[in-house]
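Tertiary structure, described
Here is how the chains run, residue by residue.
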Amino acid sequence: MMAAESALSPYTSGRPSVSIVIPAYNEEGVIRQCVTAAIYQSVPALEIIVVDNRSQDGTAGIVRQMQEEYPEAGIRLLSQDAEQGLIPTRNFGLDSAQGDLLGRIDADSLLEPDWVEEVIKAFADPSVQAATGPVVYYDMPMRRFGLKADDKVRQLMLKLARQQYHFLFGSNMALRRSAWEEIRGEVCRDEKDEMHEDIDLSLHLAEHGLRVEYWPNMVSGMSDRRLEDSPRDYRYYVTRFDRTYKAHNVKKIALKAPMVVFFSIYFPAKLLRAVHAANSSSAPKRGGIRTEV
């Protein structure tokens with residue numbers, strides 16, 4: 001169902017409205033597909049907000065073009081030029097959003113067509129203040145297996161945390177506007193860029209007793225471009241978990257499990273990604289479109 005065909009459905013039915021916030025910095029290679037996936041939803045979002053953070057490429061121009069192509073989709077292009085960084089850009093977008101539920105994804109996210117619908121279902125329980133779901137890595141082989149593996153890892157994290165901490169994932173998350181308003185003045189600014197901003201957000205929600213729900217049917221695709229990092233940069237990325245825990249005085253040893261998982265998969269996953277890319281580039285073309293490997 002196209003967005004234009006049911007533009008009033010979330011509001012006339014009494015369901016909560018959903019804003020989708022997308023922070024962006026030099027994302028001209030992925031922003032069109034990201035916004036397109038956010039437009040073509042079974043239940044349309046109230047608005048799709050792209051927050052441009054001092055991009056030096058064509059990111060903003062692409063979004064402006066899409067505003068003209070999809071005038072009914074509620075695409076908003078905002079600029080956050082005061083500070084460079086994901087957190088101030090994310091915060092600016094969440095502060096500007098008008099929906100009852102505030103979705104937050106990355107510029108390389110590809111939402112499943114029922115994502116908004118599943119977000120609304122996740123918040124049907126009024127005690128749920130935030131929700132997150134699994135991701136499928138669309139530039140890796142064995143995508144269906146990868147989605148199941150991602151889901152299992154996130155379920156395992158919940159068990160290891162003994163249900164005390166439910167962590168949001170920045171590429172696929174949403175929270176109530178009221179929950180954001182309660183914690184927005186306390187979330188860490190992280191000027192040194194040392195922490196995982198989504199884990200920090202989760203811990204602030206936990207400190208206020210605001211419930212985070214894991215919703216397996218709330219699925220987003222994302223790129224595994226983190227594997228392009230050097231081993232040194234990748235290690236710094238992974239150890240952000242530890243620095244975020246320390247900032248909140250969280251000492252559960254079990255919560256180090258994600259670090260172990262991420263460290264263990266780096267080289268095998270990097271090899272798989274390289275082989276997949278090589279096979280994709282050499283696959284025979286049919287009607288001008290490469291066959292998927």
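Scroll up to find the structure this text is about.
Source: prediction; values computed, not measured.

Rules of the game
- Residues numbered from 1 in each chain as written.
- Predicted model: local features only at pLDDT ≥ 70, side-chain atom pairs only at ≥ 80, totals over all residues.
- Heavy atoms only, no water.
- Axes fitted to C-alpha atoms, helices over the stretch in contact; angles between N-to-C directions.
- Helix = DSSP H or I, 4+ residues; strand = E, 2+ residues; numbered from the N terminus.
- Parallel < 35°, antiparallel > 145°, perpendicular 65-115°, else oblique.
- Left-handed = near helix turned anticlockwise from the far one by under 90°.
- Contact = heavy atoms within 4.5 Å.
- Nonpolar A, V, L, I, M, F, W, Y, C, P; charged D, E, K, R; others polar.
- Buried < 20%, exposed > 50% of the residue type's maximum accessible area, 1.4 Å probe, protein only.

Here helix H8 (residues 197-207) crosses helix H10 (residues 240-247) at 30°, and the two axes come no closer than 9 Å. By the criterion of interaxial angle, the relationship of H8 to H10 is roughly parallel. As for the relative orientation of H8 and H10, their crossing is right-handed in sense. In this structure, H8 contributes Ile199, Asp200 and Leu203 to the contact, and H10 contributes Phe241, Thr244 and Tyr245. For the contact of H8 with H10, the residue count by class is 4 nonpolar, 1 polar and 1 charged.

Backbone geometry places Asn26, a non-glycine residue, at a positive phi of 50°. Tracing the backbone through its elements, the reader meets Asn26 in the loop between strand E1 (18-24) and helix H2 (31-39). Note on Asn26: relative accessible area 30%, which makes it partly exposed. Located in the positive-phi region is Asp193, a residue other than glycine, with phi close to 55°. Along the chain, Asp193 turns up in the loop between helix H7 (177-183) and H8.

On to the environment of Ala45. Turning to its location among the elements, Ala45 is positioned in the loop between H2 and strand E2 (47-52). Its relative accessible area of 9% is what places Ala45 among the buried residues. Put simply, Ala45 and Glu117 are 72 residues apart on the chain and 9.1 Å apart in space, counted from C-alpha to C-alpha.

Geometric values such as these leave the question of function open.
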